[in-house]
Structures are given as C-alpha cells and as structure tokens.
Amino acid sequence: QWDIVKQYWLKERKGNSGVATRDVNQIRDFYELSENDIWITFYKREMWWCRASRDIIELEDQTKIRKVIGKWSNKNLKGHRLSIEKIDGRVTKVQGFRGTICSFNKQKNYLIDKINGVTSPEVVKAKENKKVLIDSINTLIQGLWWPDFELLIDLIFSSAGWQRISVAGKTEKDIDLDLFSPISQKKVFVQIKSKSDIKQFEEYINTFNSYKQYDEMYYVVHTSKDNLKGLVEGNDKIHLMDLNRIAELVVNAGLLNWLIEKRS
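This is a predicted model, so every value here is computed, not measured. (Residues numbered from 1 in each chain as written. Predicted model: local features only at pLDDT ≥ 70, side-chain atom pairs only at ≥ 80, totals over all residues. Heavy atoms only, no water.)

K.L.:
Please clarify how the nonpolar core should be interpreted in this entry.
P.N.:
Nonpolar side chains in soluble globular proteins tend to end up buried together. If you look at the biggest cluster of nonpolar residues, it comprises 25 residues, and the most contacted ones within it are Ile 141, Ile 153, Phe 157, Val 190, Ile 246 and Val 250. Elements with a contribution of two residues or more to this core: α5 (121–142), α6 (146–159), β7 (177–180), β8 (187–196), β9 (216–224) and α8 (243–252). Dropping the residues within four chain positions of it, Phe 157 is found in contact with Trp 162, Leu 177, Leu 179, Val 190, Tyr 218 and Met 241. (Core = buried A, V, L, I, M, F, W, Y, C linked by side-chain atoms within 4.5 Å. Buried < 20%, exposed > 50% of the residue type's maximum accessible area, 1.4 Å probe, protein only. Helix = DSSP H or I, 4+ residues; strand = E, 2+ residues; numbered from the N terminus. Contact = heavy atoms within 4.5 Å.)

K.L.:
Quick question: what am I supposed to make of the sheet that holds strand β1 (residues 39–43) here?
P.N.:
Backbone-to-backbone hydrogen bonds pair the strands of a sheet. The strands run either parallel or antiparallel. What the three strands build is an open sheet, ordered β1-β2-β5; its pairing is antiparallel. Only two strands of the sheet have a single neighbouring strand rather than two, namely β1 and β5 (68–73). Between one strand axis and the next, the sheet turns by 20° as a mean value, whatever way the strands run. (Pairing = 2+ DSSP bridges. Axes fitted to C-alpha atoms, helices over the stretch in contact; angles between N-to-C directions.)

K.L.:
How should I be thinking about the pattern of salt bridges in this particular structure?
P.N.:
Two side chains bearing opposite charge may form a pair once their charged atoms approach each other closely. Applying the stated criterion to the full structure yields 11 salt bridges. Here Arg 28 makes a salt bridge to Glu 32, at a shortest N to O gap of 3.0 Å. A residue pair is termed a helical-turn pair when its members lie 3 or 4 positions apart in one helix, as Arg 28 and Glu 32 do in helix α2 (residues 17–32) at four residues. Residue Arg 28 is classed as partly exposed on the basis of its relative accessible area of 36%. One salt bridge in this structure joins Lys 229 and Asp 242, with 3.7 Å as the shortest N-O distance. With a gap of 13 residues between them, Lys 229 in the loop between β9 and β10 (238–241) and Asp 242 in the loop between β10 and α8 connect regions that are remote in the sequence. (Salt bridge = Lys/Arg side-chain N within 4 Å of Asp/Glu carboxyl O.)

K.L.:
What am I meant to see in the packing of aromatic side chains here?
P.N.:
The way to describe two aromatic rings as a pair is by their centre distance and the angle between their planes. Under the defined criterion, the tally for this structure stands at 12 aromatic pairs. With a centroid separation of 5.3 Å and 90° between ring planes, the pair formed by Tyr 8 and Trp 9 is classed as edge-to-face. A relative accessible area of 47% places Tyr 8 in the partly exposed class. Ring centres 5.8 Å apart and planes at 75° place the aromatic pair Phe 189 and Tyr 211 in the edge-to-face group. Placement of the pair is Phe 189 in strand β8 and Tyr 211 in the loop between α7 (198–210) and β9, with a sequence separation of 22 residues. (Phe/Tyr/Trp six-rings, centres within 6.5 Å; stacked < 30°, edge-to-face > 60°.)

If you want it as structure tokens, here you go:
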C-alpha cells in the first residue's frame, strides 16, 4: 500500500513531493529489493558490497533489519581491495548523499564489472599502449651517455621534491647524489650504476650500513645480469630502482620529451 505511505510522507514533508518521493523510494527499496540485488557502502576509504536476505527482522527497539547473506566484502571476486582511489568519482560521491539508500542506475554496469574484477576494454588498451611505451623508454635509457643517465636520475628525484645538498659524486665514489627531503626530513644517498651485479650491490649495502647520517639508500641501475630484488625484500631503508621503475618515473615526472630530445 505504497500510496498510503506516500500520503503519510507528503504530510510529514509539508507537501514537498520530491522529498516525500525520495523517502518512499528508500523505504520501498529496503523492503522489496531481492536477494540478487547488490548493496554497497563505504567504510574507511574502501567500498564494501553484499547481498541481503529477503527476511525482515524487527528488533526490540522496533527498528527493522535485513541480514547480510554471508558477509560484507571489501574485495572484488579476484581478491583485490576496492580502495576508493581506484573507484570512479561518480560512484564515490554518494558518500555525501543525505539519506540512507540510493540507487546506481547510471553506474550499474561499471559497479558490476568492478566487483567482478573485469577491466574495461579502453583500460586494457591503455595498459597495452603503456607497456609498449615503457619498453621504448627502456631502450632509450639504456642508450644514454653515462653523465646524461646520471642527470636523468637527478631530474627524477628533483621532480619528486628531493633537494640536492652536495655534489658528492665527484669527490666520494660511494655516493652519486646526496639528497634531503624538506617534507619527510629524511636524508638519503643515491648510487647510480649503468651496470651492476649482486656482489657490487652488496658492497654498497654494507657502505650504507656503515653510514649513520643517512635514513635511506637508493640504488639505481638500468642493466644487470643478476636479480637484485632479493637483496631489498623486507628492507624499508634500501630501495632498488631498476630499468622498468626508472621508465615509470620518467613518465610520472614528465621527462619523456627530455629523454627523446637527449637521444635524438
């Protein structure tokens, strides 16, 4: 008898038909949506979703609930967290909705794909194009003259807000860049190599451990016959920047045109 409910809310809302209709729609959704319908909410910067049992349960205080089928989930069906920063703003904006229940008619298909872990064709194409771009950048980086490679790394750190506090590379063979972050108040040193191996990397790790004035070390190398990543696993003070990481940072720092011009 939704017409009777509508008349009740028209009276409560002093004849405001739009607001009364919204109230009725929210109540009707609570009672009539099926167990196949998906409910979402936002909590601690993540999107959560579930389905709800059709049974309406009245509590002692006369409020009514529908129990979740299973449990709320903050992951898609592929096990990846549904973080707000990876969700379309047209969806997350409903966190400001001044009500209890609203529908997502326009973003329904997007949300279904998001929960299923399905990537849209345009995103797949963009990722494929990015991979081709990164591969091209890798080749350009490996062909840089050594001083130009060092300058590129300097520009990458500068674009990230790091300040060079001394010209260390010419006087100290263990340090190429001596950097300070005014935001984090961290002091780091950077060692740059065009080629390296595990033995050499281990030597620089020992060097870093012998210094007490530095908070972190960055080891930058574009070519290595060894897998160096194992030496930094579980260590939050020593960072490896390999070829793919350097290429990603070239794009993020807006240095692609600089690199192309340098190799032209």
